[in-house]
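Fold and geometry: a report
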Amino acid sequence: MSASGGTKAIVAALGANLAIAVAKFVAAGFSGSASMLAEGVHSVADSGNQALLLLGGKKAKKAASEEHPFGYGRERYIYGFLVSIVLFTVGGVFALYEGYEKIAHPHEVEHWYWPVGVLVFAIIAETFSFRTAIQESNHVRGELSWGQFVRRAKAPELPVVLLEDLGALVGLFLALAGVGVALLTGNGVWDGVGTMCIGVLLVVIALVLAVETKSLLLGESADPAERDKINAALVDGETVTRVIHMRTLHLGPEELLVAAKVAVQHDDTAVRIADAIDAAEGRVREAVPIARVIYLEPDIYRAQETEGESVSEPSDVTGPRA
């Protein structure tokens with residue numbers, strides 16, 4: 001994912017949510033609608049989330065230091081995880097609480113034109129933000145389905161904005177339905193039901209985001225296609241004859257660590273092997289530009305000693321033989 005694409009989607013979502021939050025709170029004040037109040041808090045939470053994503057992107061650009069020699073790329077994952085927590089607590093749990101209170105102590109929605117007008121405005125603004133996120137995601141998701149894109153994306157920003165905007169749009173329609181049924185029936189309980197539905201929706205989205213960003217924080221390998229490219233680039237057929245085994249790890253969305261044990265000819269000189277290793281690193285960086293840190297260990301291939309070791313990402317986590 002390009003950083004510019006993610007930033008564009010975040011800024012579009014931030015601008016839309018700030019405008020919508022103000023409108024929702026005004027409508028909630030005039031109408032007394034619990035759905036409007038919950039949606040207003042939801043928009044504030046979303047605005048804070050986008051600010052967190054922008055902050056994470058800025059911090060991730062810091063240069064590597066002696067204390068953090070692999071850089072700060074994972075800052076983006078940390079702030080993506082914080083977004084899921086904020087969405088769960090400030091958005092989902094608050095909406096569930098407001099919905100419960102409205103159901104337990106219902107009152108009629110007043111000045112119905114305020115919440116309805118704001119909801120229509122919010123749907124238009126969120127649609128614009130969602131459309132921007134979809135356009136930016138289409139530039140990088142390739143042939144992946146939307147579900148696969150959310151699960152496999154190494155950059156957290158676009159999946160987060162996509163799910164937030166989707167949740168916001170569905171939540172707005174739920175709020176509109178809750179207010180509408182409350183007005184038609186004269187029973188304010190339906191406003192609370194709509195609010196509860198919004199809360200459940202936000203909690204589900206927050207849990208999905210938490211699971212995906214947790215996986216990124218723990219450390220994910222390169223995509224299968226990238227691993228195949230690295231394998232092919234490492235072997236030159238002369239000095240480097242095969243890859244004995246390899247590990248890859250994302251240090252950040254656009255930074256990949258590659259560690260591999262490669263087989264060389266037993267009678268090659270140290271100079272020839274060193275030159276071959278340097279050439280292999282160059283081929284890997286050309287094939288997969290995000291491979292920033294590469295460690296290659298030359299060895300003599302012995303089939304009986306490497307039986308069970310995978311050329312790419314094995315199921316075990318045993319390190320290279322010393």
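See above for the structure.
This one's a predicted model, so the numbers in the text were calculated from it and none came from an experiment.

Quick look at the sheet that holds strand 1 (residues 240-252)
Pairing is mixed in the open sheet, where three strands are placed in the order 1-2-3. The strands lining the two open edges of the sheet, one partner per strand, are strand 1 and strand 3 (291-299). With strand direction ignored, the average angle separating the axes of adjacent strands in the sheet is 15 degrees. Sheet strands touched by helix 9 (residues 270-287): strand 1, strand 2 (255-264) and strand 3. Its angle to strand 3, the strand with the most contacts, is close to 145 degrees.

A closer look at the pairing of strand 2
Counting buried residues along strand 2, eight of its ten residues qualify, which places the element largely inside the surrounding structure. Pairing between strand 1 and strand 2: ten bridges, direction antiparallel. If you follow Arg242 over to strand 2, its bridge partner there is Ala263. The turn linking strand 1 back onto strand 2 is made up of two residues. Pairing analysis gives eight bridges linking strand 2 to strand 3, with the strands arranged parallel. Counted as the bridge partner of Ala260 is Leu296 from strand 3. Once the chain exits strand 2 it traverses helix 9 before rejoining the sheet at strand 3, and the crossover so formed is right-handed.

Observations regarding the side chain of Glu75
Residue position: Glu75 is located in helix 3 (residues 75-104). One buried charged residue, Glu75, forms no salt bridge at all, with the nearest opposite charge on Lys62 at 4.4 Å.

Thoughts on the nonpolar core
Counting residues in each nonpolar core, the largest one holds 40 residues, and the members touching the most others are Met36, Leu53, Leu87, Val161, Ile205 and Leu209. Among the secondary structure elements, those contributing two or more residues to this core are helix 1 (3-31), helix 2 (34-59), helix 3, helix 4 (113-138), helix 5 (146-152), helix 6 (157-185) and helix 7 (189-218). Contact partners of Ile205, with chain neighbours within four places excluded, come to Leu87, Leu163 and Gly167. Residues Met246, Ala276, Val284 and Val288 belong to the second largest nonpolar core, which totals 22 residues.

Things to note about helix 9
An ideal rise of 1.5 Å per residue puts 26 Å on 18 residues; helix 9 measures up with 26 Å between its terminal C-alpha atoms. The secondary structure elements touched by the buried residues of helix 9 are helix 8 (224-234), strand 1, strand 2 and strand 3.

Points about the packing of helix 6 against helix 7
Relative orientation of the contacting elements helix 6 and helix 7 amounts to 170 degrees, with a least axis distance of 7 Å. The angle between helix 6 and helix 7 falls in the class roughly antiparallel. For the contact of helix 6 with helix 7, a count of residues per class yields 16 nonpolar, five polar and one charged.

Here's the deal with the packing of aromatic side chains
Applying the stated criterion across every chain yields a total of one aromatic pair. Judged by centre distance (6.2 Å) and plane angle (85 degrees), the rings of Trp146 and Phe149 are edge-to-face. Taken together, the residues span about one helical turn, with Trp146 and Phe149 both in helix 5 at a distance of three residues. Overall, the relative accessible area of 5% leaves Phe149 in the buried class.

Quick notes on the rules
- Residues numbered from 1 in each chain as written.
- Predicted model: local features only at pLDDT ≥ 70, side-chain atom pairs only at ≥ 80, totals over all residues.
- Heavy atoms only, no water.
- Pairing = 2+ DSSP bridges.
- Helix = DSSP H or I, 4+ residues; strand = E, 2+ residues; numbered from the N terminus.
- Axes fitted to C-alpha atoms, helices over the stretch in contact; angles between N-to-C directions.
- Contact = heavy atoms within 4.5 Å.
- Buried < 20%, exposed > 50% of the residue type's maximum accessible area, 1.4 Å probe, protein only.
- Right-handed = clockwise from strand over helix to strand, strands pointing away.
- Lys, Arg positive; Asp, Glu negative; His and termini not counted.
- Salt bridge = Lys/Arg side-chain N within 4 Å of Asp/Glu carboxyl O.
- Core = buried A, V, L, I, M, F, W, Y, C linked by side-chain atoms within 4.5 Å.
- Expected span 1.5 Å × (residues − 1).
- Parallel < 35°, antiparallel > 145°, perpendicular 65-115°, else oblique.
- Nonpolar A, V, L, I, M, F, W, Y, C, P; charged D, E, K, R; others polar.
- Phe/Tyr/Trp six-rings, centres within 6.5 Å; stacked < 30°, edge-to-face > 60°.

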